[in-house]
Amino acid sequence: MKHDADDPNPRVRLAHGAGGPAMRALIESVFLEGVTDPEARALGDSAVLPLGDRFLVVSTDAHVVMPPFFPGGDIGRLSVSGVVNDLAMAGCCDVIGLTSSVIVEEGFPIEALRRIQRSMQVACAEAGTRIVSGDTKVMQKGEIDGIALSTSGFGLTDRVLRDSGLLAGDVVITTGTLGDHGLAVLSARHSLGLEGDLRSDVAPLNGLVRVALDRAGSKLHAMKDPTRGGATSALTEMAEKSGVSIVLDEHAVPMSAAARAAAEILGIDPLSVANEGKALIGVEASEAAAVLEALRAHPLGVNAACIARVEAGQPGAVWLDTGFGTRRLVERDDQPLPRIC
Ligand code: MG
């Protein structure tokens, strides 16, 4: 494979959209060129802008998932949940509103568009928010494959959280099973017939995150949603930005039997596939039991588990403790899994 560094005329590759090192390199070399604004350079889940004595939190996201309807959800629910969750990761659980752009292919069934719109409204109701502005574009048949959505959201918060706030001595909690979304979409795309048991976790998390914030207060130090690149990419970014290392306990990771089976059939590491209804939450170890109890009392947090500990030294390293030994978890760009979200 040709790498950008030795190619005089590099072009976009699928790996540039996979959520791993190639994507971050593209952002750094193209989109951040000449950008000095520290908020943009932080590359957080959301941007946080001071507004009076509070903070305006803003996030934007695009969705191109294929197929657009999958077990457990659809592109509409995904577009609302994705933005709401990125806002929640910054500590913003009160989402004032969303905007939505729809780019659709000539010939797309109006009834499917209606289903997507209804699904967006249901997700908005769950998140306690609404779509306040939108745009529609139609492209000629063959110029786009079906439908793409671009969604932005904004809200206010008093307290800001960053994915860079982990401290040595913290533990990392997942709010539930990992791997479900990516594996459900891939199973549907490849007609594996696992759809009965395997469903996407796609859901707005602001209500669940509020529970954790209320319980842990200032002892909750960092959050990130393990979307593209899965838990491996999310933990790596948190470790790099926080200047710490993380030891992930493989046996503590909650995973459904259907997700495990699909991962095996597809030959995909379930820790590297997207989740769309999960958060990784870094809290002081002394607070872990109380946060877990609170999360598990919420319908979206019943499978919450403490999966990792945060250590000083080796900044950016994520280790997987398999019970037999420890190996470094490395983000991979060679299996880009396009159109998962
Ligand atoms: Mg995110």
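Residues numbered from 1 in each chain as written. Predicted model: local features only at pLDDT ≥ 70, side-chain atom pairs only at ≥ 80, totals over all residues. Heavy atoms only, no water.

A.B. asks: Please provide a residue-by-residue account of the layout of surface pockets, values included.
C.D. replies: Counted as a void, the second largest pocket has a volume near 240 Å³. As for the second largest pocket, its lining consists of 13 residues, and the residues nearest its centre are Glu-250, Met-255, Arg-260, Asp-269 and Pro-270. It is helix α8 (residues 257–266) that contributes the most residues to the lining of the second largest pocket, 3 residues altogether. In terms of residue class, the lining of the second largest pocket is made up of 7 nonpolar, 1 polar and 5 charged. (1 Å grid on protein atoms, 1.4 Å probe; cavity = no way out; pocket = protein on both sides within 12 Å on 5 of 7 lines; lining within 4 Å. Points joined across faces, edges and corners; volume = space filled by probe spheres on them. Helix = DSSP H or I, 4+ residues; strand = E, 2+ residues; numbered from the N terminus. Nonpolar A, V, L, I, M, F, W, Y, C, P; charged D, E, K, R; others polar.)

A.B. asks: Got a sec to walk through the sheet that holds strand β8 (residues 170–174)? Specific residues and values, please.
C.D. replies: An order of β9-β11-β8-β12-β10-β13-β14 is seen for the 7 strands of this open sheet, with the pairing classed as mixed. The strands lining the two open edges of the sheet, one partner per strand, are β9 (220–224) and β14 (326–328). In this sheet, adjacent strand axes meet at a mean angle of 25 degrees when their direction is disregarded. Alignment of β8 against strand β12 (residues 305–311), held across 4 bridges, turns out to be antiparallel. Across the sheet, Val-172 pairs through a bridge with Ala-308, a residue of β12. Helix α9 (residues 288–296) rests against β8, β11 (280–284) and β12 of the sheet, and its axis sits at about 15 degrees to β8. (Pairing = 2+ DSSP bridges. Axes fitted to C-alpha atoms, helices over the stretch in contact; angles between N-to-C directions. Contact = heavy atoms within 4.5 Å.)

A.B. asks: Before we move on, could you go through the domain arrangement of the protein and cite the residues and values that matter?
C.D. replies: As assigned here, the protein comprises domain 1 (44–157) and domain 2 (170–328). Relative placement of domain 1 and domain 2: their C-alpha centres are 23 Å apart. Opposite the 24 residues of domain 1 that make contact, domain 2 presents 24 residues. When domain 1 packs against domain 2, close to 2,000 Å² is buried across both sides, 60% of that on carbon and sulfur atoms. Our count for the contact surface shared by domain 1 and domain 2 stands at 2 salt bridges. Here Asp-94 ties to Arg-210 by a salt bridge, and the two come within 3.2 Å at their closest N and O atoms. The interface formed by domain 1 and domain 2 includes 11 residue pairs in polar contact (both at pLDDT 80 or more). A total of 8 residues in the side of domain 1 that touches domain 2 trace back to one element, the largest contributor, which is helix α3 (residues 75–89). (Domains from an automatic or database assignment. Buried area = accessible area lost by both parts, 1.4 Å probe. Salt bridge = Lys/Arg side-chain N within 4 Å of Asp/Glu carboxyl O. Polar contact = N/O pair within 3.5 Å; in protein donor to acceptor, adjacent residues only side chain to side chain.)

A.B. asks: Explain unusual backbone geometry to me, and be specific about the residues and the numbers.
C.D. replies: Pro-67 follows Met-66 through a cis peptide bond whose omega is 0 degrees. Along the chain, Pro-67 falls in the loop between β2 (54–63) and β3 (69–70). Phi at Leu-43 is positive, roughly 50 degrees, even though this residue is not glycine. Along the polypeptide, Leu-43 turns up in the loop between α2 (38–41) and β1 (47–51).

A.B. asks: Residue-level account of the packing of α3 against helix α4 (residues 110–127), with values.
C.D. replies: For any two helices packed against each other, the geometry is given by the interaxial angle and the distance between the axes. As a packed pair, α3 and α4 sit with axes 7 Å apart at the nearest point and diverge in direction by 30 degrees. On the basis of their axis angle, the class for α3 and α4 is roughly parallel. Crossing of α3 against α4: the hand is right-handed. Of the residues in α4, those in contact with Ile-75, Gly-76, Arg-77, Ser-79, Val-80 and Val-84 of α3 are Ile-116, Ser-119, Met-120, Val-122, Ala-123, Cys-124, Glu-126 and Ala-127. For the contact of α3 with α4, the per-class residue count stands at 9 nonpolar, 3 polar and 2 charged. (Parallel < 35°, antiparallel > 145°, perpendicular 65-115°, else oblique. Left-handed = near helix turned anticlockwise from the far one by under 90°.)

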